[in-house]
Amino acid sequence: MLENTSLHNLLIEHYQKSTDGILLCDHGSKVIEANQALCNMFGYSAEEITELTFTDLIDVDVSNIPACFCQAKNRDAANFLVVLERYVHPDSENVLYIIRDESHSVEATKSVFGTEQSTNRFKELLKNLHKISVELSNSNDMDELYRRTIELSLAKLEIERIALFLLDEKKNMVGTFGTDEFGHVVDERDYKKPLSHFSIVLEAITRRDYVTVYQDQDLVHFGKKVGKGWQAMVTLWDKEKPIGFLAADNLIHHRALTPHIREIFGLLGSVLSHVIIKKRAEFRLKKMNEELELIIAKRTLELEQKIKQLMDTQEKLVEAEKIASLGNLVSGVAHEINTPLGVSITAASLLRETTQQLCDMMATGSIKKSALQYVADTSKESIDLIEHNLDRAANLVKSFKALAVDQTSDNLVILHPHNVVKNILLSYHHELKNKPITVKNEISFDLAVRNYSGALVQVVLNLLLNSVQHGFNEGQGGEINITAEAAEQGIVIHYSDTGKGVAESDLKLIFEPFYTTARQVGAGLGLNQVYNLISQKMSGEIRTSLPERGGLKFDIYLPNL
């Protein structure tokens, strides 16, 4: 027996109770197993039939057909008629066939194969029926299937006039396509009548796998009488449920209903039942897939829009933090410059007063050597003080200007990390001077790399602010060390602080957007921006670790671009 698969489950479900033959073959058509009904149908024992192949039983290529009518051969080499359904397991490629014997009686078979001429004629119609089943199985939609059923039946099965009706949930006969009084294929989808309107239909629905025939009947088309003749009806079934009807008559050529035409008409009903069932399931699945694809596309679009909104929000928050950082920088630089400028103004005022005193003494002629010496000493001290403080202010402005140029630069340049860090420390001195934290810039003066200076400024600045705002407890002293070394085709910058660090489990989270240990300070985007700048803008790498002495360490590799 097979493993516990959906194919095996299907076999077990029908194996014992089915009166139809069940045949299981491998992908090479070798028989694996058959139920007793199939063994009886072909005249083999259960052991004997496993020595055969599918073509030993049915010598017809059905590899691309879900259901069809064909001719089988039993152990005695006698031919008989069957309808088969074919199922392929998607994984094992084993094939399950459900086979129904359509040789309804010995008399019917003899009437079909009674003479060599009738035998050849019937075989030709069987071939045509097989071709019809193949073409119907390839229909693109149900309306095409219904229309082609009528067209092909008229062209290849010697049927004079035929119509296909479906059965709706309210037991109404609903038209599809049919034949008018001139033998032309017409659209009858507007037709609807209750079953009780036709006695032949009420009889046909009670007799499965049987062609109901009424002789000498009034033949009609859309309620209009168009002639007299025989009328045949066969019911289409989905298991035990009737799903429609095929109706035929001899209005066009008034030919008698021969046994082989009656048999072919009945077989057409069986084949069409199977094809309709399979195509309905196929189109339902296709519709479900299309609807699912639409839902997925809609959800994907919604998700993309949400992601875009989040990215836009994140960019706005990053820009807001940049503006806030710039505001703090401008405020700090203004405060830093204000001190030396204030000292210079005070010294200049003192120099002006002293000079005025000298002028007054010269005007009165009461100038003394001691007074002159005082003026000279005071003037020299004031000038030295003014010069020193103006020089300090000029350096602050120069550092701020260099930092601003670097921070806004989006071009590849040969940059010196030492100068970048130096300018940042000068410009952000106000952030550090009142904290017991020492920042050491130990990067070599001559170390250089070709990369984006603006991105490096933002990276170092964010790391510094992260340490100052989050890395140390209030009043905690410590150090921030920044070193660097040459590496293969680039440099490695080592940034570390001796602060409180983070839990080891949080190391993998610190670069995530909005992750922060102090929600009241910032939006949690600083280190995320660091990671994005290094990995995307600067084509580098950043790793973080927890030093044994405590705190947090970042190792940043920047290539030469």
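Residues numbered from 1 in each chain as written. Predicted model: local features only at pLDDT ≥ 70, side-chain atom pairs only at ≥ 80, totals over all residues. Heavy atoms only, no water.

We now examine the sheet that holds strand β20 (residues 552-559). Pairing between sheet strands relies on hydrogen bonds along the backbone, with the strands arranged either parallel or antiparallel. Read across the open sheet, the five strands follow the order β15-β17-β18-β20-β19; overall the sheet is mixed. Of all strands in the sheet, those bounded by a partner on one side alone are β15 (437-441) and β19 (541-545). Put simply, the sheet's adjacent strands are angled 15° from each other on average, direction ignored. Taken together, the five bridges between β15 and strand β17 (residues 478-487) define a ladder with parallel strand orientation. Following the sheet pairing, K440 is matched in β17 by N481. The strands touched by helix α11 (residues 417-427) within the sheet are β15, β17 and β18 (490-497), with β15 carrying the most contacts at an inclination of about 155°. (Pairing = 2+ DSSP bridges. Helix = DSSP H or I, 4+ residues; strand = E, 2+ residues; numbered from the N terminus. Axes fitted to C-alpha atoms, helices over the stretch in contact; angles between N-to-C directions. Contact = heavy atoms within 4.5 Å.)

The next subject is the pattern of salt bridges. Using the criterion set out here, one finds 16 salt bridges in the structure. Between K228 and D218 there is a salt bridge, with its nearest N and O atoms 2.8 Å apart. Highlighted residues: K228 in strand β12 (residues 224-238) and D218 in strand β11 (residues 212-221), separated in sequence by ten residues. With relative accessibility at 40%, the residue D218 sits in the partly exposed group. (Salt bridge = Lys/Arg side-chain N within 4 Å of Asp/Glu carboxyl O. Buried < 20%, exposed > 50% of the residue type's maximum accessible area, 1.4 Å probe, protein only.)

Glancing now at the sheet that holds strand β7 (residues 172-175). The six strands are arranged β10-β7-β6-β13-β12-β11 in an open sheet whose pairing can be described as antiparallel. Looking at the sheet topology across the chains shown, the edges are occupied by β10 (192-194) and β11. Between one strand axis and the next, the sheet turns by 35° as a mean value, whatever way the strands run. Inspection of the sheet shows strand β6 (residues 161-167) paired to strand β13 (residues 241-249) by six bridges, in the antiparallel sense. Within β13, the residue paired with R161 across the bridge is D249.

Further remarks concern helix α13 (residues 453-471). Along its 19 residues, α13 runs 25 Å from first to last C-alpha, staying within 8% of the 27 Å computed at 1.5 Å per residue. When you tally the buried positions in α13, you get 18 out of 19 residues, the bulk of the element. (Expected span 1.5 Å × (residues − 1).)

So, on to the packing of α11 against α13. The contact between α11 and α13 brings their axes to 10 Å, and the two run at 50°. The orientation of α11 with respect to α13, classified from their angle, is oblique. Both α11 and α13 take part in a crossing whose hand is right-handed. Packed against α11, whose contacting residues are P417, V420, V421, I424 and L425, the element α13 presents L456, V457, V460, L461 and L464 at the interface. Its residues assigned to classes, the contact of α11 with α13 shows ten nonpolar, no polar and no charged. (Parallel < 35°, antiparallel > 145°, perpendicular 65-115°, else oblique. Left-handed = near helix turned anticlockwise from the far one by under 90°. Nonpolar A, V, L, I, M, F, W, Y, C, P; charged D, E, K, R; others polar.)

This structure, assessed with the given rule, holds five aromatic pairs. Each ring, one from F42 and one from F80, has its centre 5.3 Å from the other, and the planes form 65°; the classification is edge-to-face. Of this pair, F42 sits in helix α2 (residues 36-42) while F80 is found in strand β4 (residues 79-88), placing the two residues 38 residues apart along the sequence. Overall, F42 belongs to the buried group, its relative accessible area being 1%. With 5.5 Å between their ring centres and 55° between their planes, F165 and Y191 make a pair best called tilted. Here F165 is found in strand β6, whereas its partner Y191 is found in the loop between β9 (185-187) and β10, with 26 residues between them in sequence. (Phe/Tyr/Trp six-rings, centres within 6.5 Å; stacked < 30°, edge-to-face > 60°.)

On to the confidence of the model for the protein, then. Put simply, the protein has an average pLDDT of 81, and 85% of its residues get 70 or more. Confidence, read as mean pLDDT per element, is least for helix α5 (residues 106-112) in the protein (49) and greatest for strand β8 (residues 177-179) (95). Note on residues 1-5: pLDDT under 50 across the span, and nine contacts to partners over four residues away in sequence or across chains. (pLDDT = per-residue confidence, 0-100.)

Here α13 crosses helix α14 (residues 526-537) at 155°, and the two axes come no closer than 9 Å. Accordingly, the angle class assigned to the pair α13 and α14 is roughly antiparallel. In terms of crossing hand, the pair formed by α13 and α14 is left-handed. In this structure, α13 uses A455, Q458, V459, N462, L463 and N466 to contact α14, whose residues at the interface are G526, L527, Q529, V530, L533, I534 and K537.

Turning to unusual backbone geometry, a few remarks are in order. Glycine aside, residues mostly have negative phi, and peptide bonds are mostly found in the trans state. With phi around 60°, K239 is a residue other than glycine that occupies positive phi space. Following the sequence through the fold, K239 ends up in the loop between β12 and β13. Judged by relative accessible area, which is 63%, K239 ranks as exposed. The phi angle at H254 is positive, at roughly 60°, despite the residue not being glycine. Locating H254 in the fold gives a position in the loop between β13 and α9 (259-364).

Next up on the list: a nonpolar patch on the surface. The grouping of L292, I295 and I296 at the surface amounts to a nonpolar patch, some 270 Å² of accessible area in total. Relative to the assigned elements, I295 resides in helix α9. In this structure I295 comes out as partly exposed when scored by relative accessible area, which is 43%. (Patch = residues over 30% accessible without salt bridge, like charges linked within 9 Å, V, L, I, M, F, W, Y side chains within 5 Å. Areas by Shrake-Rupley, 256 points an atom, 1.4 Å probe, with all protein chains shown as cover.)

All right, on to the pairing of β6 then. Within a regular strand, side chains alternate between the sheet's two faces. By the criterion of burial, β6 is predominantly enclosed, with seven of the seven residues buried. Judged by which residues are buried, β6 turns out to be covered on both faces: R161, A163, F165 and L167 on one side and I162, L164 and L166 on the other are all buried. When β6 meets β7, the two strands line up antiparallel, connected through three bridges. Residue pairing for β7: L166 is matched across the bridge by V174.

Before going further, it helps to spend a moment on the environment of E479. As for its placement among the helices and strands, E479 is situated in strand β17. A C-alpha to C-alpha distance of 4.7 Å links E479 and T438, two positions 41 residues apart in sequence. If sequence neighbours within four positions are ignored, E479 has contacts with T438, K440, F472, S496, D497 and T498.

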